[in-house]
Every structure is written in C-alpha cells, then in structure tokens.
Amino acid sequence: MNKVLIIGAGGVGSVVAHKCAMVPEVFGEITLASRTVSKCEAIAAEVLQRTGRTIATCKVDADNVAETATLIRKTGATLLINVALPYQDLTLMDACLEAGCDYLDTANYEPLDVAKFEYSWQWAYHEKFLAAGRSALLGSGFDPGVTNVFTAWALKHHFDEIHTLDIVDVNGGNHGKAFATNFNPEINIREVTAPCRHFENGDFVETPPMSHHQSFTCPDGVGTYEIYRMYHEELESLVKHIPTLKRAQFWMSFSPNYLKHLEVLQNVGMTRIDPVSYNGVEIIPLQFLKAVLPNPGDLGQTTKGKTCIGNIITGIKDGKNKALYVYNICDHEACFAEVGSQAISYTTGVPAMIGAKQMLAGTWRKPGVWNMEQHDPDAFMADLNTHGLPWNFIELPVENALTLKVADQ
Ligand code: NDP
C-alpha cells in the first residue's frame with residue numbers, strides 16, 4: 001500500500017488531500033502535515049465528510065530538515081508532496097534524501113529575502129537524487145505543471161518542431177472582495193511585481209513589470225480579458241528542454257481593480273520584502289499585508305466564473321507551418337461543490353495528485369530531478385480528463401496563433 005506525506009495545509013494542500021483521498025487504490029495511507037496542526041485537522045474533517053476516508057494529521061516545521069526526515073520515517077511515506085511554500089523546497093528535498101523518499105512540488109525554490117525564482121538551486125540536486133536512487137518531480141501544478149505537459153503532448157503528437165509558445169492564464173472569476181489574491185498573497189505579489197522576462201531568439205529579454213499587455217478572448221464564452229506578459233518559471237525549463245523554441249511568453253489576466261490596488265500597495269511600500277522596524281519589532285511589510293488580506297483558501301464560497309488556461313503553440317509538422325491551442329476551462333463554483341475550494345487551488349491541487357499518481361505507478365519515477373515535460377505526457381493527459389480537469393484543443397491559422405487570437409472577438 002502506498003503511503004504519502006502531504007506538507008502544507010493551505011488552499012492547495014486541501015485540494016491535494018481531497019483528491020488523493022478520492023483515489024484510494026493509489027493513495028493507501030495519507031498524512032497531512034503543516035506548521036499549524038489545527039488547519040490539517042480541519043481539512044481532515046472535511047475529507048472524512050466528503051470521501052469517507054480518514055487521513056492522519058501532524059505538526060511539522062518544514063524548514064527543519066531533521067524534524068521532517070523523522071516525520072517521513074515515522075509515516076513510512078515513499079513520496080512527499082510539497083504544497084507548503086517555495087521557501088521550503090530545498091529543506092524538503094534534503095529531508096527526502098535523508099529519509100529515503102521521493103519528492104514532488106508545484107513551485108520552484110525562492111529565497112525568503114530575495115524575490116528571485118529559478119530552477120538552478122533545485123536542478124543542482126540532480127546528482128544527489130540520482131545517487132540516492134530517488135526521484136524528484138518539479139512544478140506539478142497547473143502553471144507550471146499542466147502547461148509543461150500540454151507542450152510535451154503537442155510536441156509528441158502534433159509537431160516535429162515547436163517554434164513559439166504563448167501560455168495564457170485567464171482567471172475570469174470574481175470573488176466579490178475589494179482585493180484578494182488567488183493563492184498565497186506573498187508569493188503571488190512577489191511574482192507579479194517582478195520584472196517581466198520572455199524568451200526570444202536564444203535569450204531571455206527583460207522588460208518592466210506589466211508593461212506589455214493585450215486583449216484576449218477565451219473560447220467557449222468564458223469572456224474577453226486584458227492579459228499581461230510576465231515572467232513565469234516554466235519558461236526556464238521549457239526553453240531548456242525544447243531547444244527549437246524561438247520565442248516563449250507567459251501571459252496572465254488581471255482586472256483593472258486588482259492592478260489599481262497593487263499599484264497603491266507598491267507605492268506606499270506595502271509590498272517590500274526587507275525588514276522595517278515598527279514599535280521596536282521588525283516586520284516585513286509584504287508578510288504583514290498577507291496577514292490582513294483575505295485567505296485565498298476561503299474565497300471558494302464567494303467566487304463565481306471560470307478559469308481558462310492554455311498554450312498557443314506554433315511550429316512545423318511534415319514540413320508545413322501549424323498552430324494549436326490546447327486549454328482547460330475550470331468553473332470556480334463546480335470546484336467548490338466538489339472539494340470546497342476555488343478553481344486556482346483546484347487547478348493546482350489536481351495536477352499535484354496526478355503527478356504523484358504517475359510517480360507511484362513507476363512510469364514517472366526516474367532517479368534524479370525532473371521537470372514535467374521530460375516525462376511521457378500521455379497518461380497524465382488522460383488522468384486530467386478523469387480527475388476533474390478535462391482539456392480540449394483546436395487547430396488555428398498560424399497568424400491567429402501569433403497574435404493570440406483563439407476565439408471570435
Ligand atoms: P497557502 O499559504 O494557502 O498554504 C501554504 C501552507 O504551507 C500553509 O498551510 C502554511 O502553514 C504551510 N507552511 C508554510 N511554511 C511552513 C513551514 N515552514 N512548515 C510547515 N508548513 C508550512 O498557499 P497555497 O496553498 O495557496 O499555495 C501552496 C503552494 O502552491 C505555493 O508554493 C504556491 O506557490 C504553489 N502554487 C502553484 C501553482 C501552480 O499552478 N503551479 C498555482 C498556485 C499556487 P500553516 O499551516 O501555518 O498555515
């Protein structure tokens with residue numbers, strides 16, 4: 001019987017716990033551990049109510065390698081699913097190596113004191129995982145995650161060479177709050193305020209944050225939104241593993257209201273990540289801001305609308321130019337009805353479960369440290385359809401793909 005340890009009892013952790021519990025033939029024994037054990041217990045109670053399954057709960061400090069290694073041994077887990085924060089990636093990888101356990105996460109490592117995220121730190125663990133005969137899967141959320149698998153699937157079945165990739169992440173949902181982020185506010189704001197980097201002709205090109213944007217009409221009536229080009233971590237691994245890419249960009253939708261609030265928060269210094277002395281206590285403004293913003297895990301109740309995330313890909317097949325759009329549409333209210341979460345947590349937690357399933361089946365369990373696009377995409381793509389994230393694809397005229405026109409305006 002497979003035993004898994006999930007670390008992190010936030011919005012995503014709750015979905016992972018529910019979805020693993022719904023596949024008992026793969027996930028035999030589940031332990032959910034986090035810094036605050038009461039959050040694990042609340043999720044376990046919901047999982048029991050919705051699925052009839054009991055999951056174990058535990059307190060752990062994921063920054064502490066020895067403590068986490070002890071917990072891995074105690075639970076007998078052979079796979080650790082890290083849905084804590086990116087700051088914990090390296091300590092959790094160390095704990096897995098120490099206790100002899102495979103590793104999976106949904107976001108790449110970021111140091112706490114520098115808003116910089118890149119794969120170099122985690123790729124540096126490849127030899128250690130190889131030597132230990134252990135496997136690590138990086139970025140098994142939606143983006144990164146499904147977007148990497150969409151690209152690998154398109155390359156396997158529809159292209160001889162891929163030349164351009166535009167990942168478009170639209171959240172057409174409305175949570176009814178004045179301002180809130182869809183996932184952990186600290187990580188979200190660090191990401192959207194970072195300079196934009198996109199890949200063009202062999203190099204990453206840097207431009208100011210949010211400086212390039214355009215209108216995007218989603219298919220299937222999801223609506224038209226303004227999307228902003230920004231840096232996202234899967235660009236780094238995809239251009240490395242698919243060297244024929246000439247251009248790779250990532251786009252995300254933001255409402256005027258979100259941008260207005262973000263601008264003010266930035267202007268008054270509330271997004272700073274350096275310590276500020278207040279009444280003799282050192283506080284990090286962005287961490288304080290997180291404490292006063294709505295908890296993304298609680299937005300499910302009020303969020304209505306859909307997400308639409310997909311890849312627009314151009315390239316060559318049999319000597320001819322070709323373009324494809326592969327995408328998923330996910331309904332916030334349907335996610336809430338199923339697992340009590342909004343679609344952002346859902347679209348991250350479901351692929352984490354599916355990635356874990358591939359690793360436990362052995363098909364994605366190669367020793368070393370791997371990104372999603374390095375594995376065969378087919379079983380993962382099939383599982384998306386059966387576990388709540390059905391996808392679709394349409395062939396496009398190449399000019400439309402290059403101008404990001406996938407639906408009628
Ligand atoms: P939350 O802030 O809701 O949850 C994070 C959880 O991790 C909390 O329960 C928190 O603690 C726990 N945690 C933090 N530090 C520690 C620690 N030192 N030891 C133990 N537990 C700790 O975040 P989300 O659920 O929104 O996001 C989870 C992850 O998913 C993030 O890494 C995020 O970047 C990633 N993500 C990935 C996406 C993708 O598509 N690839 C999309 C969205 C998110 P506590 O128990 O005290 O609450």
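Residues numbered from 1 in each chain as written. Predicted model: local features only at pLDDT ≥ 70, side-chain atom pairs only at ≥ 80, totals over all residues.

Draft legend 1. Summary view of the overall build of the protein chain. Scanning the protein chain from N- to C-terminus turns up 15 helices and 18 strands. The globule rule puts the C-alpha radius of gyration for 409 residues at 22 Å, and the 20 Å found for the protein chain is close to it. If one aligns the C-alpha atoms of the protein chain with their principal axes, the spans along those axes are about 55 × 55 × 40 Å. Within the span of the protein chain, comprising 409 residues, buried residues form 50% of the whole. (Helix = DSSP H or I, 4+ residues; strand = E, 2+ residues; numbered from the N terminus. Rg over C-alpha atoms; globule rule 2.2 N^0.38 Å. Buried ≥ 20, exposed ≤ 12 C-beta atoms within 10 Å, placed from the backbone.)

Draft legend 2. View of the pairing of strand 3 (residues 56–59). Pairing geometry for strand 2 (residues 29–34) and strand 3, over four bridges, is parallel. When the sheet's bridge partners are listed, Ser34 is paired in strand 3 with Lys59. (Pairing = 2+ DSSP bridges.)

Draft legend 3. Main features of the pairing of strand 6 (residues 135–138). Alternating positions in strand 6 separate into two faces, Ser135 and Leu137 on one and Ala136 and Leu138 on the other, with burial throughout. Of the pairings in the sheet, the one linking strand 5 (residues 102–105) to strand 6 comprises two bridges and is parallel in character. By the bridge assignment, Tyr103 is partnered in strand 6 with Ala136. In this sheet, strand 17 (residues 368–371) lies alongside strand 6 in parallel orientation, the contact comprising four bridges. Paired with Ala136 across the strands is Val369, a residue of strand 17.

Draft legend 4. Representation of the site of the ligand. The environment of the ligand is made up of 33 residues, and the closest members are Gly10, Val12, Ser34, Ala62 and Gly141. In terms of residues, the shell around the ligand owes the most to one element, helix 1 (residues 11–21), which gives three residues. Grouping the amino acids of the shell around the ligand by side-chain chemistry returns 15 nonpolar, 13 polar and five charged. The residue makeup of the shell around the ligand includes at least three contributed by each of domain 1 (3–138) and domain 2 (146–341 + 391–402). (Near = placed C-beta within 6 Å. Nonpolar A, V, L, I, M, F, W, Y, C, P; charged D, E, K, R; others polar. Domains from an automatic or database assignment.)

Draft legend 5. Region of the structure containing the environment of Pro219. Tracing the sequence through the fold places Pro219 in the loop between strand 10 (213–218) and strand 11 (223–230). Residue class for Pro219 comes out partly exposed when judged on the 15 C-beta atoms lying within 10 Å of it. Spatially, the C-alpha atoms of Pro219 and Ala356 are 30 Å apart, while their sequence positions differ by 137 residues. With residues up to four places along the chain from it excluded, the contact list for Pro219 reads Tyr327, Val406 and Ala407. (Contact = placed C-beta atoms within 7 Å.)

Draft legend 6. Region of interest: the packing of helix 3 (residues 65–75) against helix 4 (residues 89–99). Direction vectors running N to C along helix 3 and helix 4 enclose 50°, while the axes themselves pass 8 Å from each other. Our classification of the angle between helix 3 and helix 4 gives oblique. Where helix 3 crosses over helix 4, the two elements pack in a sense that is right-handed. Of the residues in helix 4, those touching helix 3 at Val65, Thr68, Ala69, Ile72 and Arg73 are Thr91, Leu92, Asp94, Ala95, Cys96, Glu98 and Ala99. The class makeup of the residues in the contact of helix 3 with helix 4 is seven nonpolar, two polar and three charged. (Axes fitted to C-alpha atoms, helices over the stretch in contact; angles between N-to-C directions. Parallel < 35°, antiparallel > 145°, perpendicular 65-115°, else oblique. Left-handed = near helix turned anticlockwise from the far one by under 90°.)

Draft legend 7. Structural context of the sheet that holds strand 17. Overall, parallel pairing links the seven strands, which are arranged 3-2-1-4-5-6-17 in an open sheet. At either margin of the open sheet sits one strand with a lone partner, and together these are strand 3 and strand 17. On average, adjacent strands in this sheet sit at an angle of 20° to one another, irrespective of strand direction.

Draft legend 8. Region of the structure containing the packing of helix 13 (residues 343–361) against helix 14 (residues 378–386). Look at helix 13 against helix 14: their axes get within 10 Å of each other, and the N-to-C directions meet at 135°. The orientation of helix 13 with respect to helix 14, classified from their angle, is oblique. The two elements helix 13 and helix 14 cross, and the hand of that crossing is right-handed. Taken together, the residues of helix 14 that come into contact with helix 13 (itself represented by Ile354, Lys357 and Gln358) are Ala379, Phe380, Asp383 and Leu384. Among the residues forming the contact of helix 13 with helix 14, the class breakdown is four nonpolar, one polar and two charged.

Draft legend 9. Representation of the domain arrangement of the protein chain in the model. Taken domain by domain, the protein chain comprises domain 1 (3–138) and domain 2 (146–341 + 391–402). In this structure, domain 1 and domain 2 have C-alpha centres spaced 24 Å apart. Facing the 16 residues of domain 1 at the interface are 14 residues of domain 2. Breaking the side of domain 1 that touches domain 2 down by element, the ones donating at least two residues are helix 1 and helix 2 (37–51). Classifying every residue of the side of domain 1 that touches domain 2 gives seven nonpolar, five polar and four charged.

Draft legend 10. Up close: the environment of Phe393. Looking at the secondary structure, you find Phe393 in strand 18 (residues 391–395). Overall, Phe393 belongs to the partly exposed group, with 17 C-beta atoms counted inside 10 Å. Spatially, the C-alpha atom of Phe393 lies 37 Å from that of Gly133, the residues being 260 residues apart in sequence. In this structure Phe393 touches Leu324, Tyr325 and Val326, once residues within four positions along its chain are discounted.

Draft legend 11. Structural view of unusual backbone geometry. Cis geometry marks the peptide bond from Asp143 to Pro144, where omega comes out at 10°. Relative to the helices and strands, Pro144 resides in the loop between strand 6 and helix 7 (146–157). Residue Asp318 is not a glycine yet carries a positive backbone phi of 50°. Mapped onto the elements of the fold, Asp318 is located in the loop between strand 15 (306–317) and strand 16 (320–331).

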